[in-house]
Amino acid sequence: MDITIIAQALIQGLMLGAIYGLIGLGITMVYAITGLLNFAHGDFMAIAMYLCLALFTHFNMDPYLSSLIAVPALFVLGLMVYHFLFRRVLKAELLMVVQLTLGMVFIIESSLLLTFTADYESVPNILHAVRFSLGPLSVSGSYLATFLVGGGAGAALYWVLQKTDLGRQIRAISQNKDAATLMGINTTRIQMIVFALAIALLGLSGSLTTSILTMEPYMGLELTLFAFIVFVMGGVGNFLGTLVAGYLLGIADAMGSLFIGGHLGAMVPYGLFVLLLLFRPQGILGAK
Amino acid sequence: MMGENSRTDIKIYLGLLVLLIVLLLLPTRLSITWTRTFAMVFLFIYWASAWNIIGGMAGEINFLHPIFIGAGAYSSTVLYINFGVSPWVGMFLGAAIAVVLGLVIGWICYRSGLPHLSFALICLGFSHIGEIIALEWDLLGGSRGLVIRPAPGLANMQFETISTYYYMGLGMAVLMVGICHWISRNKLGYYLKAIKHNETASAAIGIDTVRYRLLALAVSAFFCALGGTFYAQLVLYIDPHSAVSITAVISMILFCAIGGFGTVLGPVVGTLILMPIGEVVRLYVMTGFHLIIYGVLVIVVILLSPHGLVPWFQSRMKKTQEESPA
């Protein structure tokens, strides 16, 4: 096979990987400070994408512009979900939380199905037809934007986690919640903000990928699965590992569809994950 | 103490007996659509109870069941369509395949002591792979699925009247609940309970946790696969989305959650409440809306009574008994 085709796929995979890292980072942050997981995580990204679709069909609004609406809207949605639902099960057993969020999966997926039908959709953005080339390689503008904005957001968030007061508070809670509370950190407030921030990230990821990923009402669970894979691959609770794992998954995804193709190619990321869990269950950057 | 417990038990058994008699007489009053719906409700009671053995009793977040159900549905159907093998025989091949798959996947996961969450993910991953295999493999009909030509006859596990399916489903559900009851009162049930509450401590007192979790998984897989064959024969059509369905296993888990995880009657109560409501909504309001109702109900139940309806009801009964002097 031509080496440029492989390089081309590698670049696209890497660029989409920025998004996988970003949605995985949301899961990692929420897990770090609440110890809980949200099986409806990917469904919130589906909500963002359908929001862009609705804004495009009704107002002809570019998805990039829609992100200015989608991100705050999902932040508020995140605050509400945390306040009315998630907060109440913080101390329940893991299985109960799984149930609660699986209930949310059903509600979101069916609502999307009833509102938008089961048709496959995608929304073009202003950069979709623009191609940037470097030598024999060329890449679509929407991929490049996804990479720059998604990767940039991931890097910025990592900087926030490492260098700012908010980040230090988040890490303190993830290390020892009781001690952090005793040090005067408002745990409840931080948890709420982080949960909403994770959902807001999905708003950004959704608006960036409307032209790349095909929308359908049931896409959420698969996105959640990808985010979880990234979360576990990176070494549970490891922020940097999550971002790295996102890129790896993006590449695995691209290689799978290039060399195998079709549905079988879609198995590659899962196969990789299964192998990884068997031979290195602590994740790529996790400590033994 | 003992007397009070057995008095509660007798009340529950009487209640179940009345329910059973009502269900036995019901088909004479029901339309064909509703008889079919109830056959499906019984199948889900059966499936949810089988899931409950590994999911509720052993406390695992297990999503492998689409594979087990698919193994049962596809094995018997492929054998019947291509080789004329009776589904009564084919279903045991399906069950054997499901047990082997369950044991292999389970052994790999339990051995390495994966945390609950990674295990749940790996299960979802495997189920997804199972769905993809069903989509890709021509023998299994790909995305078009497999159609079973109607040829009523006992040997073909196809019946003239829908009420035969109804009674068969009812029989399966009763049998499965009986098995769960038996397990919960026996060594396996107590071991699973111990493993659920503290795996490390259970291992320390000498319970071979891997072995008993595998045993529970194998039992669960075996019966789920048999249910898969029944499903194929009831609908006479299977495709990857209906027979290797992650939505179906989530529904089962939600039914167990509403009724009460790990309790014998939880899956029965949860399914009997949710599925008929869902069906009414699906038929008279809007298709697809029933899943929203499931989602809302499970959230309400978890917020109000986190352990489900059966434990809530039991504690209520205990309270009233303690309050009344007689």
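Worth saying up front: this structure is predicted, and the values here are computed from it rather than measured. (Residues numbered from 1 in each chain as written. Chains lettered and ligands numbered in written order. Predicted model: local features only at pLDDT ≥ 70, side-chain atom pairs only at ≥ 80, totals over all residues. Heavy atoms only, no water.)

**Points about the overall build of chain B**
Quick reminder of the rule: Every helix listed is a DSSP run of H or I at least four residues long, and every strand listed is a run of E at least two residues long, numbered separately from the N terminus. With C-alpha atoms as the basis for the radius of gyration, the globule rule is written as 2.2 Å multiplied by the number of residues raised to the power 0.38. Accessibility here uses a 1.4 Å probe with only protein chains present; expressed as a share of the type maximum, an area under 20% marks a residue as buried, one over 50% as exposed, and anything in between as partly exposed. Contacts: residue pairs with any heavy atoms within 4.5 Å of one another. The accessible surface values rely on the Shrake-Rupley method and a 1.4 Å probe; as for residues, cover is taken only from the protein chains in view. Neither His nor the chain termini are counted; the positive set is Lys and Arg, and the negative set is Asp and Glu. Taken as the charge location is NZ of Lys, CZ of Arg, CG of Asp or CD of Glu.
Each helix and strand counted, chain B has 14 helices and 2 strands in total. Its C-alpha radius of gyration of 20 Å places chain B within 12% of the 20 Å reference for a compact globule of 326 residues. Counting only C-alpha atoms, chain B reaches 65 × 55 × 35 Å along its principal axes. Counting all 326 residues of chain B, 54% fall into the buried class. Contacts in chain B between residues far apart in sequence, at least 24 positions, make up 78% of those at least 6 positions apart. Surface summary for chain B: the accessible area is close to 14400 Å², and the carbon and sulfur share equals 68%. Seen as two clouds, the 17 positive and the 13 negative side-chain charges of chain B have centres 6 Å apart.

**A few points about the overall build of chain A**
Counting secondary structure elements, chain A contains 12 helices and 2 strands. Starting at the N terminus and ending at the C terminus, chain A contains elements arranged as α-α-α-α-β-β-α-α-α-α-α-α-α-α. Relative to its length of 288 residues, chain A is compact, with a C-alpha radius of gyration of 19 Å against a globular reference of 19 Å. Of all 288 residues assigned to chain A, the portion counted as buried reaches 54%.

**Topic: the interface of chain B and chain A**
What counts, and what does not: By buried area we mean how much accessible surface two parts lose on assembly, using a 1.4 Å probe and totalling the loss over both. One speaks of a salt bridge when a side-chain nitrogen belonging to Lys or Arg is within 4 Å of a carboxyl oxygen belonging to Asp or Glu. Polar contact criterion, stated in full: a pair of N or O atoms within 3.5 Å, where within protein one must be able to donate a hydrogen and the other to accept it, and residues adjacent in sequence count only if both atoms are side-chain atoms.
Counting residues at the interface gives 42 residues for chain B and 38 residues for chain A. Its largest share of buried area at the contact with chain A, chain B owes to B:Leu117, B:Leu121 and B:Ile299, together 16% of the area lost on that side. One can count 0 salt bridges joining chain B with chain A. At the junction of chain B with chain A, the criterion picks out 0 residue pairs in polar contact (both at pLDDT 80 or more).

**Observations regarding helix H3 (residues 65-83) of chain B**
All names here are of chain B. Applicable threshold: An expected span of 1.5 Å times one less than the residue number is assigned to each helix.
For H3, built from 19 residues, the straight-helix expectation of 27 Å at 1.5 Å per residue is met to within 8% by its first-to-last C-alpha distance of 26 Å. For H3, a buried count of 16 out of 19 residues is recorded, marking the element as mostly surrounded by other parts of the structure. Positive phi shows up at Gly-84, right after H3, with a value of about 65°.

**A closer look at unusual backbone geometry**
Across residues other than glycine, the phi torsion is negative in most instances, and most of the peptide bonds are trans. In this structure, A:Thr117 is a non-glycine residue whose phi angle is positive, near 60°. Note on placement: A:Thr117 falls in the loop between helix H4 (94-116) and strand E1 (131-134). The class of A:Thr117 is partly exposed, set by a relative accessible area of 40%. Even without a glycine there, the phi angle at B:Met157 is positive, about 50°. Relative accessible area serves as the criterion here: at 1%, B:Met157 is assigned to the buried category.

**Here's the deal with the confidence of the model for chain B**
For the record, the criterion: What pLDDT conveys is the predictor's confidence in a given residue, as a value from 0 to 100.
Confidence along chain B averages 87 in pLDDT terms, with 97% of residues attaining 70 or more. Scored as a complex, the prediction yields pTM 0.87 and ipTM 0.82.

**Looking at the packing of helix H2 (residues 32-57) of chain B against helix H6 (residues 162-184) of chain B**
Residues and elements named next belong to chain B. We count it as follows: Helix axes are fitted to C-alpha atoms over the stretch in contact, other axes to C-alpha atoms as well, and angles between N-to-C directions run from 0 to 180 degrees. Roughly parallel refers to an angle under 35 degrees, roughly antiparallel to one over 145, roughly perpendicular to one between 65 and 115, and oblique to any angle outside these ranges. Note: crossing handedness is left-handed where the near helix turns anticlockwise from the far helix by less than a right angle, and right-handed where it turns clockwise. Any residue that is not Ala, Val, Leu, Ile, Met, Phe, Trp, Tyr, Cys, Pro, Asp, Glu, Lys or Arg is counted as polar, Gly included; the first ten are nonpolar and the last four charged.
With their axes 8 Å apart at the nearest point, H2 and H6 run at an angle of 20° to one another. Viewed along their axes, H2 and H6 adopt a mutual orientation that is roughly parallel. By crossing handedness, the relation of H2 to H6 is classed as left-handed. By residue class, the composition of the contact of H2 with H6 is 20 nonpolar, 5 polar and 1 charged.

**Examining the pattern of salt bridges**
Inspection of every chain in the model, using the stated rule, returns 4 salt bridges over all chains. Taking the shortest distance from any N to any O, the salt bridge between A:Arg168 and A:Asp165 comes out at 3.6 Å. With A:Arg168 and A:Asp165 both in helix H6 (residues 165-175) and 3 residues apart, this pair spans about one turn of that helix. On the basis of relative accessible area, A:Asp165 is assigned to the exposed category, the value being 55%. With a closest N to O distance of 2.8 Å, B:Arg213 and B:Glu199 form a salt bridge. Residue B:Arg213 is located in helix H9 (residues 209-235), and its partner B:Glu199 is located in helix H8 (residues 199-204); the two are separated by 14 residues in the primary sequence. The exposure class assigned to B:Arg213 is buried, which follows from its relative accessible area of 7%. Through salt bridges that share partners, B:Glu60, B:Glu199 and B:Arg213 make up one connected network.

**Overview of the pairing of E1(A)**
All names here are of chain A. Heads up, the rule is: Pairs of strands are assigned from DSSP output, requiring at least two bridges between the strands.
Across 4 bridges, the pairing between E1 and strand E2 (residues 137-140) is antiparallel. Paired with Leu-134 across the bridge in E2 is Leu-137. Between the end of E1 and the start of E2, which pair antiparallel, lie 2 residues, with Gly-135 showing a positive phi angle near 60°.

**Topic: a nonpolar patch on the surface**
Residues and elements named next belong to chain B. Condition: For patches, a residue must show more than 30% relative accessible area and have no salt bridge; joins then use 9 Å for like charges and 5 Å for nonpolar side chains, namely Val, Leu, Ile, Met, Phe, Trp and Tyr.
Judged by side-chain polarity, Ile-10, Leu-14, Leu-17, Ile-21, Leu-24, Leu-25 and Tyr-167 come together as a nonpolar surface patch covering roughly 670 Å² of accessible area. Looking at which element gives the most residues to the nonpolar patch, the answer is helix H1 (residues 2-25), with 6 residues. As for its position among the elements, Leu-17 is in helix H1.

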